[in-house]
Amino acid sequence: MPTVIAVTSPDLVLPPEDQQTPPAVPLQSPDAQPLEHALADMQTLIDQHGYVIVVYSAATPTPMQHRLHTVRSILETDRIALFRSDLPPLGLAVLVRQLRQLSLCDLTAGVVASAARLLTHYIHAGALLNSVARLDRVPVGLKSHAKSWVPGSQFGVVANPAPQLVKIGPGAALAGPEFGTWLLVARGQLESDWVKDTLARSWQVQGVREAVLPAESARWWGTSKLIEFATYLPDLSILYQLVTSVRRDRCHWCALELIGDRCVFCSATLPAPENQTPSRDVLNHEALARQE
């Protein structure tokens, strides 16, 4: 059985785009499941799949984050990886689906888990907002805060891979990916065609698909009047090529194979700088270029 991907909310499980992508397993919150049941469920996943990669948001409620670490600590296992991400909800759901796709490939659990950091750099995640007054996850200047009080104002925001914020108007633009992607759009309580028309055209996306807005999005962005968006690489062969183009090392602590400079399963870092993975700027981008 492939390594299983687990999440802290069903909202992070996007529908597959093919018949092979396995589902992710939503974990229940502490107020919905006693600790002993959570331990039993996690042990069952380990017994069935060997390794479990739990992907969760940095905005996940503290009790749930504590539950994840408690379960791993009590089970005393190095077969559970906890990957904490700063991506907004829709972007995180995209990353989860990519890891689900990669779990079917001939990649070890350690490589799949550490691939999450690499693939995060290739996801452009943002939103169209009616206000940035309560936005605290992307830097907002005083002028933008003041403009939030003007009726009818809208703002285009990118949270990943680098923060951007513009007031929507003539000539407003956000820097996008320099390689071929698809655009996933999730509508909240905001009516606008700017994302599907203007942004999609300026980013030269290959196609646009819609998704259900995650329940966590309104809290993450500070408003329910939003349209969230995220770009993604839909082709598994491209994802596989990106991951396999990076040198692999072996964790000196738990002996799992990994890419990058830190093991997601045991949190150990590689001991010597010469063993670290090259930066993403020198990775092989030929696979991306072939999509254009």
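Residues numbered from 1 in each chain as written. Predicted model: local features only at pLDDT ≥ 70, side-chain atom pairs only at ≥ 80, totals over all residues. Heavy atoms only, no water.

A. Representation of the environment of P89 within the structure. Along the chain, P89 turns up in helix α3 (residues 89–102). Since its relative accessible area comes to 7%, P89 is described here as buried. Along the backbone, P89 and A218 are 129 residues apart, and their C-alpha atoms lie at a distance of 9.5 Å. Excluding residues that lie within four positions of it along the chain, P89 makes contacts with L12, P214, E216, S217, W220, W221 and E228. (Helix = DSSP H or I, 4+ residues; strand = E, 2+ residues; numbered from the N terminus. Buried < 20%, exposed > 50% of the residue type's maximum accessible area, 1.4 Å probe, protein only. Contact = heavy atoms within 4.5 Å.)

B. Expanded view of the pattern of salt bridges. Tallied over the full model, the rule gives 8 salt bridges. Ionic pairing is found between R97 and E17, a salt bridge with its closest N-O pair at 3.8 Å. Here the residue R97 occupies a position in helix α3, and E17 occupies one in the loop between β1 (4–7) and β2 (25–26), the gap between them amounting to 80 residues. Taking the relative accessible area as the measure of exposure, E17 reaches 33% and is therefore partly exposed. Of the charged contacts, one joins E257 and R248 as a salt bridge, the two residues approaching to 3.5 Å between their closest N and O atoms. If you follow the salt bridges from partner to partner, you end up with R187, D193, K196 and E210 in one network. (Salt bridge = Lys/Arg side-chain N within 4 Å of Asp/Glu carboxyl O.)

C. Structural context of the environment of S237. Along the chain, S237 turns up in helix α8 (residues 236–244). Spatially, the C-alpha atoms of S237 and L102 are 9.4 Å apart, while their sequence positions differ by 135 residues.

D. Summary view of helix α6 (residues 195–202). For α6, the full list of buried residues reads V195, L199 and A200. Projected down its long axis, α6 carries its buried residues within an arc of 100 degrees, all on one side. The inward-facing, buried residues of α6 contact β5 (125–129), β8 (182–187), β9 (208–211) and β10 (226–232). Of the residues trailing α6, Q204 is marked for its positive phi of about 55 degrees. (Arc of directions from axis to C-beta.)

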